[in-house]
Number of protein chains: 4
Amino acid sequence: MNVLFIGDIVGLEGQEYAERVLEEVSRDHQLDLVIANGENAVHGRGLNRKAAERLYDAGVEIITLGNHTWDQHELQDFIDEDARIVRPCNYPPGTPGRGYTVCKVGSTEVLVVNLMGRTFLSQLDCPFRTIDAVLKQHPAIRHIIVDMHAEVTSEKLAMGWYLDGRVSAVFGTHTHVPTADERVLPHGTAYITDVGMVGPRDGILGVDREIVIGRLISQMPARFSVAKGPRQFHAVLCELSDETGRATAIKRVTKYESA
Amino acid sequence: MNVLFIGDIVGLEGQEYAERVLEEVSRDHQLDLVIANGENAVHGRGLNRKAAERLYDAGVEIITLGNHTWDQHELQDFIDEDARIVRPCNYPPGTPGRGYTVCKVGSTEVLVVNLMGRTFLSQLDCPFRTIDAVLKQHPAIRHIIVDMHAEVTSEKLAMGWYLDGRVSAVFGTHTHVPTADERVLPHGTAYITDVGMVGPRDGILGVDREIVIGRLISQMPARFSVAKGPRQFHAVLCELSDETGRATAIKRVTKYESA
Amino acid sequence: MNVLFIGDIVGLEGQEYAERVLEEVSRDHQLDLVIANGENAVHGRGLNRKAAERLYDAGVEIITLGNHTWDQHELQDFIDEDARIVRPCNYPPGTPGRGYTVCKVGSTEVLVVNLMGRTFLSQLDCPFRTIDAVLKQHPAIRHIIVDMHAEVTSEKLAMGWYLDGRVSAVFGTHTHVPTADERVLPHGTAYITDVGMVGPRDGILGVDREIVIGRLISQMPARFSVAKGPRQFHAVLCELSDETGRATAIKRVTKYESA
Amino acid sequence: MNVLFIGDIVGLEGQEYAERVLEEVSRDHQLDLVIANGENAVHGRGLNRKAAERLYDAGVEIITLGNHTWDQHELQDFIDEDARIVRPCNYPPGTPGRGYTVCKVGSTEVLVVNLMGRTFLSQLDCPFRTIDAVLKQHPAIRHIIVDMHAEVTSEKLAMGWYLDGRVSAVFGTHTHVPTADERVLPHGTAYITDVGMVGPRDGILGVDREIVIGRLISQMPARFSVAKGPRQFHAVLCELSDETGRATAIKRVTKYESA
Ligand SMILES: [Fe+2]
Ligand SMILES: [Fe+2]
Ligand SMILES: [Fe+2]
Ligand SMILES: [Fe+2]
Ligand SMILES: [Fe+2]
Ligand SMILES: [Fe+2]
Ligand SMILES: [Fe+2]
Ligand SMILES: [Fe+2]
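Procedures and definitions
Residues numbered from 1 in each chain as written. Chains lettered and ligands numbered in written order. Predicted model: local features only at pLDDT ≥ 70, side-chain atom pairs only at ≥ 80, totals over all residues. Heavy atoms only, no water. Pairing = 2+ DSSP bridges. Helix = DSSP H or I, 4+ residues; strand = E, 2+ residues; numbered from the N terminus. Contact = heavy atoms within 4.5 Å. Axes fitted to C-alpha atoms, helices over the stretch in contact; angles between N-to-C directions. Salt bridge = Lys/Arg side-chain N within 4 Å of Asp/Glu carboxyl O. pLDDT = per-residue confidence, 0-100. UniProt positions renumbered as here; feature names shortened; annotations may be inferred. Buried < 20%, exposed > 50% of the residue type's maximum accessible area, 1.4 Å probe, protein only. Polar contact = N/O pair within 3.5 Å; in protein donor to acceptor, adjacent residues only side chain to side chain. Buried area = accessible area lost by both parts, 1.4 Å probe. Least-squares fit on C-alpha atoms with pLDDT ≥ 70 in both. Donors = N, O, S within 2.8 Å, 3.2 Å for Na, K, Ca; no water. Tetrahedral: all angles 85-135°; square planar, octahedral: opposite > 155°, others 65-115°. Parallel < 35°, antiparallel > 145°, perpendicular 65-115°, else oblique. Nonpolar A, V, L, I, M, F, W, Y, C, P; charged D, E, K, R; others polar. Lys, Arg positive; Asp, Glu negative; His and termini not counted. Arc of directions from axis to C-beta.

**So, the sheet that holds strand β8 (residues 143-149) of chain A**
All names here are of chain A.
Here is step 1: Pairing is mixed across the open sheet formed by 6 strands, whose spatial order is β6-β7-β8-β9-β11-β10. Taken across any chain shown, the strands that pair with only one partner, and hence form the sheet edges, are β6 (100-105) and β10 (183-184).
Here is step 2: Two strands pair when backbone bridges link them, and β6 and strand β7 (residues 108-116) are joined in this way by 6 bridges, in the antiparallel orientation. Bridge pairing in β7 places Y100 opposite V113.
Here is step 3: Of the strands in this sheet, β6, β7 and β8 touch helix α4 (residues 127-137), which is tilted by about 165 degrees from β7.
Here is step 4: Sheet strands in contact with helix α5 (residues 153-163) are β7, β8, β9 (169-173), β10 and β11 (190-192), and its direction is about 170 degrees off that of β9.

**Examining the sheet that holds strand β6 (residues 100-105) of chain D**
Within a sheet, adjacent strands bond to each other through the backbone by hydrogen bonds, running parallel or antiparallel.
Residue and element names in this part refer to chain D.
Here is step 1: The 6 strands lie next to each other as β6-β7-β8-β9-β11-β10, forming an open sheet whose pairing is mixed. The open sheet terminates on both sides in strands that have one partner only, identified here as β6 and β10 (183-184).
Here is step 2: Helix-sheet contacts for helix α4 (residues 127-137) involve β6, β7 (108-116) and β8 (143-149), and the interaxial angle to β7 is about 165 degrees.
Here is step 3: Packing against the sheet, helix α5 (residues 153-163) makes contact with β7, β8, β9 (169-173), β10 and β11 (190-192), and its axis sits at approximately 170 degrees to β9.

**Focus on the pattern of salt bridges**
Oppositely charged side chains may form a pair once their charged atoms are brought near each other.
Here is step 1: Summed over the entire model, instances satisfying the criterion amount to 56 salt bridges over all chains.
Here is step 2: In this structure, B:E182 and B:R252 form a salt bridge, with 3.0 Å as the shortest nitrogen-oxygen distance. Residue B:E182 is located in the loop between β9 (169-173) and β10 (183-184), and its partner B:R252 is located in strand β14 (residues 247-256); the two are separated by 70 residues in the primary sequence.
Here is step 3: Salt bridges sharing partners connect three or more residues here, namely A:E16, A:R20, A:R231 and A:E257.

**Some details on the confidence of the model for chain A**
Any segment with low pLDDT has predicted coordinates that should not be analysed in fine detail.
Here is step 1: Put simply, chain A has an average pLDDT of 98, and 100% of its residues get 70 or more.
Here is step 2: Scored as a complex, the prediction yields pTM 0.98 and ipTM 0.97.

**Focus on the UniProt feature "binding site: Fe cation 1" (unreviewed entry) in chain A**
All names here are of chain A.
Here is step 1: Under the UniProt annotation, "binding site: Fe cation 1" (unreviewed entry) lies at D8, E39, N40 and H176. Despite a sequence span of 169 residues, these residues sit close together in the fold, their greatest C-alpha distance being 11.3 Å.
Here is step 2: Relative to the helices and strands, E39 resides in the loop between β3 (33-37) and α2 (49-58).
Here is step 3: For E39, a relative accessible area of 1% corresponds to the buried category.
Here is step 4: Beyond its immediate sequence surroundings of up to four residues, E39 is in contact with D8, G44, R45, G46, T64, L65, G66, N67, H68, H149, H174 and H176.
Here is step 5: Looking at the element boundaries, H176 is found in the loop between β9 and β10.
Here is step 6: Beyond its immediate stretch of four places on either side in the chain, H176 contacts D8, V10, E39, N40, D194, G196, M197 and L205.
Here is step 7: Here the side chain of H176 touches D8 through a polar contact of 3.0 Å, side chain to side chain.

**Quick notes on the interface of chain A and chain B**
Here is step 1: Contacts between chain A and chain B engage 32 residues on the former and 32 residues on the latter.
Here is step 2: Together, the buried faces of chain A and chain B total about 3,000 Å²; carbon and sulfur atoms form 69% of this surface.
Here is step 3: A salt bridge links A:D202 to B:R183; the shortest N-O distance between them is 2.9 Å.
Here is step 4: Applying the counting criterion to the chain A and chain B interface returns 6 residue pairs in polar contact (both at pLDDT 80 or more).
Here is step 5: At 7 residues, the largest contribution of residues to the side of chain A that touches chain B is made by α5(A).

**Describing helix α6 (residues 209-218) of chain D**
Here is step 1: Three or more residues of α6(D) are buried, namely D:I211, D:V212, D:I213 and D:L216.
Here is step 2: In the segment just after α6(D), D:Q219 is the residue with positive phi, at about 60 degrees.

**Considerations on the relation of the copies chain C and chain A**
Here is step 1: For the match of chain C to chain A, the screw axis carries a shift of 0.0 Å, the RMSD comes to 0.0 Å, and the turn is 180 degrees. Here the symmetry operator amounts to a two-fold rotation axis. Rotation axis and chain C: the residue whose C-alpha lies nearest the axis is C:F120, separated from it by 5.5 Å.
Here is step 2: When the interface residues of chain C are mapped onto chain A, 100% of them again fall at the interface, so both copies present the same face.

**Re the coordination of the iron ion (ligand 1)**
Residue and element names in this part refer to chain A.
Here is step 1: At this site the iron ion (ligand 1) is bound by E39 (OE), N67 (OD1), H149 (NE2) and H174 (ND1), with donor distances of 2.0 to 2.2 Å.
Here is step 2: Taken together, the 4 donor atoms coordinating the iron ion (ligand 1) and their angles of 86 to 147 degrees define a geometry best described as irregular.
Here is step 3: Donor residues for the iron ion (ligand 1) sit on one chain with the sequence pattern E-x27-N-x81-H-x24-H.
Here is step 4: Here the iron ion (ligand 2) and the iron ion (ligand 1) are spaced 3.4 Å from one another, each receiving a donor from E39.

**Here's the deal with the relation of the copies chain A and chain B**
Here is step 1: Once chain A is rotated about the relating axis by 180 degrees and shifted along it by 0.0 Å, it coincides with chain B to within an RMSD of 0.0 Å.
Here is step 2: In this assembly the copies share their binding face: 100% of the residues contributing to the interface of chain A also contribute to that of chain B.

**Brief notes about the coordination of the iron ion (ligand 6)**
Residue and element names in this part refer to chain C.
Here is step 1: Coordination of the iron ion (ligand 6) by the protein is provided by D8 (OD), E39 (OE), N40 (OD1) and H176 (NE2), with metal-donor distances spanning 2.1 to 2.2 Å.
Here is step 2: Note that the iron ion (ligand 6) binds 4 donor atoms; their angles at the metal cover 86 to 168 degrees, and the shape is irregular.
Here is step 3: Read in sequence order, the donor residues for the iron ion (ligand 6) give the motif D-x30-E-N-x135-H.
Here is step 4: A spacing of 3.4 Å is found between the iron ion (ligand 6) and the iron ion (ligand 5), which share E39 as a donor.

**As for the UniProt feature "binding site: Fe cation 2" (unreviewed entry) in chain A**
Residues and elements named next belong to chain A.
Here is step 1: Listed under "binding site: Fe cation 2" (unreviewed entry) in the UniProt record, and renumbered for this structure, are E39, N67, H149 and H174. What stands out for the annotated residues spanning 136 residues is how close their C-alpha atoms remain, the widest pair being 10.1 Å apart.
Here is step 2: With respect to the secondary-structure elements, H149 resides in strand β8.
Here is step 3: One polar contact links H149 to E39, side chain to side chain, over a distance of 3.1 Å.

**Topic: the interface of chain C and chain A**
Here is step 1: Listed as interface residues are 13 residues of chain C and, on the opposing side, 13 residues of chain A.
Here is step 2: For the pair chain C and chain A, the two sides together bury roughly 1,000 Å², of which 67% comes from carbon and sulfur.
Here is step 3: Across the contact surface, chain C and chain A share 0 residue pairs in polar contact (both at pLDDT 80 or more).

**Focus: the packing of helix α6 (residues 209-218) of chain C against α5(D)**
Here is step 1: Contact pair α6(C) / α5(D): the axes reach a minimum separation of 10 Å and the direction vectors enclose 105 degrees. By the angle between their axes, α6(C) is roughly perpendicular relative to α5(D). Across the interface between the two elements, C:R209, C:I213, C:L216 and C:I217 from α6(C) touch D:S154, D:E155, D:A158, D:W161 and D:Y162 from α5(D).
Here is step 2: Here the residues of the contact of α6(C) with α5(D) are counted per class, giving 6 nonpolar, 1 polar and 2 charged.

**Things to note about the side chain of D:E151**
Here is step 1: Here D:E151 is to be found in the loop between β8 and α5.
Here is step 2: For the buried residue D:E151, which engages in no salt bridge, the nearest side chain bearing the opposite charge is D:K156, 7.3 Å off.
Here is step 3: A polar side-chain atom of D:E151 sits 2.9 Å from a polar atom in the side chain of D:H174.
Here is step 4: Beyond its immediate sequence surroundings of up to four residues, D:E151 is in contact with C:F120, C:V152, D:T119, D:F120, D:L121, D:H174 and D:T175.

**Quick word on helix α2 (residues 49-58) of chain D**
Residue and element names in this part refer to chain D.
Here is step 1: Among the residues making up α2, those that are buried are A51, A52, L55, Y56 and A58. For α2, the angular spread of the buried residues around the axis is 160 degrees, confining them to a single face. Turned more than 90 degrees away from the buried face of α2 sit K50 and D57, all of them exposed.
Here is step 2: In this structure, the buried side of α2 is in contact with β2 (8-9), α1 (11-28), β4 (62-64) and β5 (85-86).

Following this line, the structure appears as structure tokens:
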């Protein structure tokens, strides 16, 4: 089974480019499951119905989220009804939406879980105990994809090693910069610290760079806006054993739009 | 001019492996200047005389630092005398040591500056104003290497774009995971968000992974120790125009020790 | 000289109550200078022209600010022209407005300085070096009031002790809860860790308490609104020697509106 | 029932002064239960057997803790056996020691719970859900004392209001500066944002002030040591209805050693 996991999609620019690149990647590879992190899909902040629909139309089957989950209030209106959207699972009980979902690839069940790190990022429940509880509830599922949305490398690496041999893959998201450490860990879990993003390449995390630099220097607030210009696409393509669910390969998929 | 910049060297394991790989890389490439981040050289915490000497013997010519600068008290005894050691320049005036140094490659002067980010990391002076002041003091030098030691990708990217066309290279350090975004920015500055590290590969940032995972789960303190096992080496090799000082190429140099 | 310093005024509720209590306090005490922290005057977020005018009309002569300084964009339109408004002095050079101001009480010059702490709060310049520079510029002024806007008690206490004998008073603001540690330090500087706030008493920092509690439990965003109900007024009244500028007494002034 | 709750006891200086003042306070008031926060009892960092025994001998019956709980490794050797020591209850399951304890005052059972805040302080479980679970387990106990160890005023106030009418008292600790907002909330819960500390008065949170100031200015590490000189004692005395367990009065108890 080939799983394509796409990093944080930023703004309309990111939606459009994801759509275009997905078409191309689909021609070159057999993609059995396409997952994308959509926490920045609407002007860099959150997800709404329109953005979700567009991603589905482009071929994305499951959308994961992160610290920007609730930036678009509209999401609360439909997240409960849409089983394709997964927000961090370590939100407290009673939070709208779901923290994991089970989808089918042919006759194989695939569990997709979203977790959020705590260091410098959130005050959610322990992501390690959360994933333990989820895995316990689904002992029969062997194809398990975890989006670990976190700020620091240590917390993501810890989750990767913690789950090695217990899930198919741990993909880090949130920093918007792809890391070059993709590998299959010793017990068969594919891992990367950060998948990267989809959207403007010459911004800063997709945001207009002059605004970000100006804010860091002046320490005064400024409204962020999604950058313009040529775009980048970062994803990972991961091959899972149909039988065991363990990963046999992971590679980065990178596209740059010409200027 | 070829500059090799090596990411955070962790522990004796990192020192040894840096030494070994440097020998090999020197055979394959002409290295005109070798710089390494040494903030984790001594058991993962700081730099002392012995570690510095070993790195010099291995071919490192300039050692940069970061948030672990003062972890080994011994450094304060000799940092003022050793012009090859550079600690973050945005420490307040009066801080021991220097924030930049000028070295010679043939007849060409090269300015090496170390900066530290503030987000989630330090309460130092503004790194943007600091680098502006340094560049103003050295208007004639065109070969300028900046080690931007920072936690978050946004602050490192901001520094890269801020200095594009004004320095030869901005190399990010601190997260110990190499990023896959190395490039020469439009005005000739080589950039990477994080160079990575040198040391145990199967630890977490070079630290024993069971300790790190245990600490995250239990939230109880535990003494970190450098991990065992096969090692990784992450550096970037950067080609600078002798005439203009601008970068013409940057590529990652990665070595993995076989298990 | 009697100086009344009023803690963070929150919302219209706070403005109104400050006005009413000031009338009363003015009857009971001779107030030679009235200063108020106005960073939360407009719906809990920032200061605008209307709020500033109302505070002036109520008898406030100098308004200090803090981390909410720029929450009302309108302030940038007039802060440069209004010498009665002081924003944190350790913002970078070039920031709109001023970080200190000199006013006259009779024939005596009084220097009012606003500083912001960095721990868990800001990435501004070092407040200690900043105040040193300000004091150096005004060697002849002996009546000096410092509003130290900071999150943690350690940073405020450090500033108090650092300036003991060099300024008339260091008043902490920001936490909205008055502390019971007001005193004149050994060398004549009046000190309190936090003056408190003016506004709804049964909210949380002046904000509707159900919203704050709900947010802490759900970890989902919710728009804050200023609480309703009876109000509290917290200020300190400080007596300064006309001759030396040193403090001879400090006491808390507290009023609670009956329900 | 009269409960005396003593703020964070810092170092041997704090232990000694607590002992001395307790003798005096016991003469003036009938104390039915004495609780003290002991997280800083040993050189400002943690609790060991000797310090605990000394506090018991001085009349303390229950010791609560906080973020410094594990600073003395020795505590792990005996915390399980000593039912008088309570560490934050929102540590994960499996943590040594207990997060609450039930003691007897005459024939009345009193539940003492320790909670830790998360904002800028810890990555523990949600303190609100934690206290809900504890209260559910002990529906028959009406005398309930909560030590809410937290950095920010908002989180402490939120806990106070959240528990109003459900527990006897919520006492804040950790900032080492007493607040002047003690009151009985509308439904009968005594509340104070911070009780304060016991130990050197002219230090910063009990620590030598030159070291703290030097560290803030230089941003270089320095070993903290407990300050010398005259001491302060901060506690609250709280009167609880024997029948309902609700608070009928709270007042601060403050003593300053003469220089
Ligand atoms: Fe994110
Ligand atoms: Fe994102
Ligand atoms: Fe570092
Ligand atoms: Fe490092
Ligand atoms: Fe504030
Ligand atoms: Fe405020
Ligand atoms: Fe404490
Ligand atoms: Fe504490």
